[in-house]
Amino acid sequence: MFVLVEMVDTVRIPPWQFERKLNDSIAEELNKKLANKVVYNVGLCICLFDITKLEDAYVFPGDGASHTKVHFRYVVFHPFLDEILIGKIKGCSLEGVHVSLGFFDDILIPPESLQQPAKFDEAEQVWVWEYETEEGAHDLYMDTGEEIRFRVVDESFVDTSPTGPSSAEATSSSEEPPKKEAPYTLVGSISEPGLGLLSWWTSN
Amino acid sequence: MEVKDASSALLSNYEVFQLLTDLKEQRKESGKNKHSSGQQNLNTITYETLKYISKTPCRHQSPEIVREFLTAMKSHKLTKAEKLQLLNHRPVTAVEIQLMVEESEERLTEEQIEALLHTVTSILPAGPEAQQKTNISSDMAMDEEDPA
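What counts and what doesn't
Residues numbered from 1 in each chain as written. Chains lettered and ligands numbered in written order. Predicted model: local features only at pLDDT ≥ 70, side-chain atom pairs only at ≥ 80, totals over all residues. Heavy atoms only, no water. Phe/Tyr/Trp six-rings, centres within 6.5 Å; stacked < 30°, edge-to-face > 60°. Helix = DSSP H or I, 4+ residues; strand = E, 2+ residues; numbered from the N terminus. Buried < 20%, exposed > 50% of the residue type's maximum accessible area, 1.4 Å probe, protein only. Expected span 1.5 Å × (residues − 1). Pairing = 2+ DSSP bridges. Contact = heavy atoms within 4.5 Å. Axes fitted to C-alpha atoms, helices over the stretch in contact; angles between N-to-C directions. Salt bridge = Lys/Arg side-chain N within 4 Å of Asp/Glu carboxyl O. Disulfide = S-S within 2.5 Å. UniProt positions renumbered as here; feature names shortened; annotations may be inferred. Domains from an automatic or database assignment. Buried area = accessible area lost by both parts, 1.4 Å probe. Polar contact = N/O pair within 3.5 Å; in protein donor to acceptor, adjacent residues only side chain to side chain. Nonpolar A, V, L, I, M, F, W, Y, C, P; charged D, E, K, R; others polar.

Chemist: Can you explain the packing of aromatic side chains? Please cite residues and give values.
Modeler: Considering all chains together, one arrives at 13 aromatic pairs over all chains under this definition. Ring centres of F104(A) and Y184(A) lie 5.2 Å apart, and the angle between their planes is 50 degrees; this geometry places the pair in the tilted category. With a gap of 80 residues between them, F104(A) in the loop between β6 (96-100) and β7 (107-109) and Y184(A) in strand β12 (residues 184-189) connect regions that are remote in the sequence. When the ring of W129(A) is compared with that of Y131(A), the centres are 5.0 Å apart and the planes differ by 45 degrees; the resulting orientation is tilted. Under the relative-accessibility criterion, Y131(A) is labelled partly exposed at 37%. A network of ring pairs unites the aromatic residues F2(A), Y40(A), F77(A), F103(A), F104(A), F157(A), Y184(A) and Y52(B) as a single cluster.

Okay, here's the thing in C-alpha cells:
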C-alpha cells in the first residue's frame, strides 16, 4: 500500500527560523509542502521518512533566506496493481460503488466489476448482488459504511496544475463552474470469490 | 522538485504505523508549533492514516514478529508483493490466500495452503477485535475456575 519515494528539492528557510536546527526546519517545510498532496504519477504523499543528504546552503542576493538542496525519502500511498485492499463503502451511484479508505477517498468500483449479476436499486440508491443458490435468489445489499475487500485494477493520474491565460478566456465565458477532478483515482474490482463485503465471506 | 526513484522500497503497514506514532509523539512533546496553519495537512493525513491502520492486524505487530514471519515464509517461495499482502492482511481462510497469491491452485497444494494459513495465524497476532474476543473468553474461563 505504501512505498518509499526518493526525491530532491530545494528548501527555502526564512531568516527568522535560522535559530532552529536546520534538519527540523527542513523537515517541517517538506511536510508543509507535500503532506496530504498528490504528486503526479507518484501517489498521495503521507509524511517524511528521512533526509538522506543535505547539500550546502546558499544565500542569494536580494533574498535573505537560505536555500538548501535536500535529498530525502517520503512515504507515499501508491498501491500496486492487483493489490487487495479493505475500505468502507462511501455510497453508490449509477457510476458504481464509491469506496473510501479514510485518508483516501477516490476509489470507484464500476458496475461491470461487481459480483454478477448485480442491479441498481433506484429507491434505496444501492447496488445489489443477486446471489443465486438452490433455495432461490438472495439480494445482498451494498450499504454505506460497510467494510469491503476489493482488488486494485487500474489507477489514473490527472494533472491539475493551473492552466495558462489562453484557456482562461474560454472558461470565463461558460456559466458553469469548472468541474473539480480528483488528481489521483483508483479503479477497483470485486468480481472474484472472496471479494466484496466482509460479511459475505465470514463463516462465524 | 525532482523525483529520483518513484518506488525505491515497499513499506509494510506496520512500518508506516510505527513511523506515524513516533511522529505524533515527537510533535506532542515539542508543543506549540503544530497548530500553525501550515501543519494542518500533516495533522489531517497522519490522523486519518493512523485511524485506518489501527483497525488492521498490523497494530499488534513488532519488528521481531515481522522478522520471524519473513523467515518462516522463506520455505513457501512467494514473491515480495505476496508476502507483503499476507503480512498486512493476516488471512485466515483459503479463499483469502487464493486472492493474495497468484495462481495459487497451480503453485500450492491444499496441504501447503493449510500450512501457510497455520504459519500466518500462529506467528502474526490477530486484529484488535479478535484480541478482545480472546480476552473475554479467557476471562470467562478464569471465572469458571474460581467461583469465589
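Chemist: Residue-level account of helix α2 (residues 40-54) of chain B, with values.
Modeler: Residues spaced three or four apart along an α-helix point in a common direction, a consequence of the helix completing one turn every 3.6 residues. Between its first and last C-alpha, α2(B) extends 21 Å over 15 residues, near the 21 Å set by a 1.5 Å rise per residue. Within the sequence span of α2(B), burial applies to L42(B), I45(B), T46(B), T49(B), L50(B), Y52(B), I53(B) and S54(B).

Chemist: An account of the sheet that holds strand β3 (residues 43-59) of chain A is requested, with residue identities and associated values reported.
Modeler: Hydrogen bonds between backbone atoms are what pair the strands of a sheet, whose relative direction is either parallel or antiparallel. The strand order across the open sheet built from five strands is β2(A)-β3(A)-β4(A)-β1(A)-β1(B), with neighbouring strands paired in antiparallel fashion. Each edge of the sheet is formed by a strand with only one pairing partner; in this case those strands are β2 (38-39) of chain A together with β1 (2-11) of chain B. Pairing geometry for β2(A) and β3(A), over two bridges, is antiparallel. Bridge pairing in β3(A) links V38(A) to L44(A). Where α2(B) meets the sheet, its contacts fall on β1 (2-13) and β3 of chain A, and the angle it forms with β3(A) comes to roughly 140 degrees.

Chemist: Give a detailed account of the pattern of salt bridges, specifying residues and quantitative values.
Modeler: For the structure on display, the rule yields 11 salt bridges over all chains. Its salt-bridge partner being K119(A), residue D139(A) comes within 3.4 Å of it at the nearest N-O pair. Of this pair, D139(A) sits in strand β10 (residues 136-141) while K119(A) is found in strand β8 (residues 118-121), placing the two residues 20 residues apart along the sequence. Judged by relative accessible area, which is 34%, K119(A) ranks as partly exposed. Residue E82(B) is joined to R107(B) by a salt bridge in which the shortest nitrogen-to-oxygen separation is 3.0 Å. Note that E82(B) is positioned in helix α4 (residues 80-89) and R107(B) in helix α6 (residues 104-107), a separation of 25 residues in sequence. Residue E82(B) is classed as buried on the basis of its relative accessible area of 4%.

Chemist: Tell me about the environment of S199(A), residues and numbers included.
Modeler: Among the secondary structure elements, S199(A) is positioned in helix α3 (residues 198-201). Classification of S199(A) as partly exposed rests on a relative accessible area of 48%.

Chemist: Can you break down the state of the cysteines residue by residue, with the values?
Modeler: By definition, a disulfide is the covalent link that joins the sulfur atoms of two cysteine residues. Residues and elements named next belong to chain A. Evaluation of the coordinates by the stated rule reveals zero disulfides over all chains. Cysteine C45 is unpaired, with the sulfur of C47 as its nearest cysteine sulfur at 10.0 Å. Of the residues examined, C45 reaches a relative accessible area of 0% and is grouped as buried.

Chemist: Which residues make up the UniProt feature "domain: RNA polymerase Rpb7-like N-terminal" (unreviewed entry) in chain A, and what values do they have?
Modeler: Here, the residues flagged by UniProt with the feature "domain: RNA polymerase Rpb7-like N-terminal" (unreviewed entry) are residues 9-64 of chain A. Counting secondary structure, residues 9-64 of chain A comes out at 23% helix and 43% strand; the distance between its end C-alpha atoms is 19 Å.

Chemist: Tell me about the domain arrangement of chain A, and name the residues and values.
Modeler: Residues and elements named next belong to chain A. Split into domains, chain A comes out as domain 1 (2-77) and domain 2 (83-200). Averaged C-alpha coordinates put domain 1 and domain 2 at centres separated by 34 Å. In this assembly, 10 residues from domain 1 lie in contact with nine residues from domain 2. In total, domain 1 and domain 2 occlude about 750 Å² of area from one another, counting both sides; carbon and sulfur atoms represent 84% of this. Broken down residue by residue, the surface that domain 1 buries against domain 2 is led by V38, Y40 and F77, which jointly contribute 64%. For the pair domain 1 and domain 2, the interface holds zero salt bridges. The interface formed by domain 1 and domain 2 contains zero residue pairs in polar contact (both at pLDDT 80 or more).

Chemist: Let's hear about the interface of chain B and chain A: which residues, and what values?
Modeler: When the parts of a complex come together, some accessible area is lost, and that lost area is often taken as the interface size. Tallying the contact residues gives 37 residues for chain B and 45 residues for chain A. Across the chain B to chain A interface the summed buried area is about 3700 Å²; carbon plus sulfur atoms make up 63%. On the chain B side of the interface with chain A, the three residues burying the most area are M1(B), Y52(B) and L99(B), jointly 20% of the side's total. Joining chain B to chain A, the criterion identifies one salt bridge. Of the charged contacts in the structure, one is a salt bridge between R149(A) and E96(B), with a shortest N-O distance of 3.4 Å. Within the residue set of the side of chain B that touches chain A, elements represented by two or more residues are β1, α1 (13-30), α2, α4 and α5 (94-100) of chain B. It is β1(B) that provides the largest number of residues to the side of chain B that touches chain A, a total of 10 residues. Within the side of chain B that touches chain A, the residues separate by chemical class into 19 nonpolar, 11 polar and seven charged. One ladder, built from six bridges, connects β1(A) with β1(B); its direction is antiparallel. Pairing of V8(A) across the sheet is with E2(B), part of β1(B).

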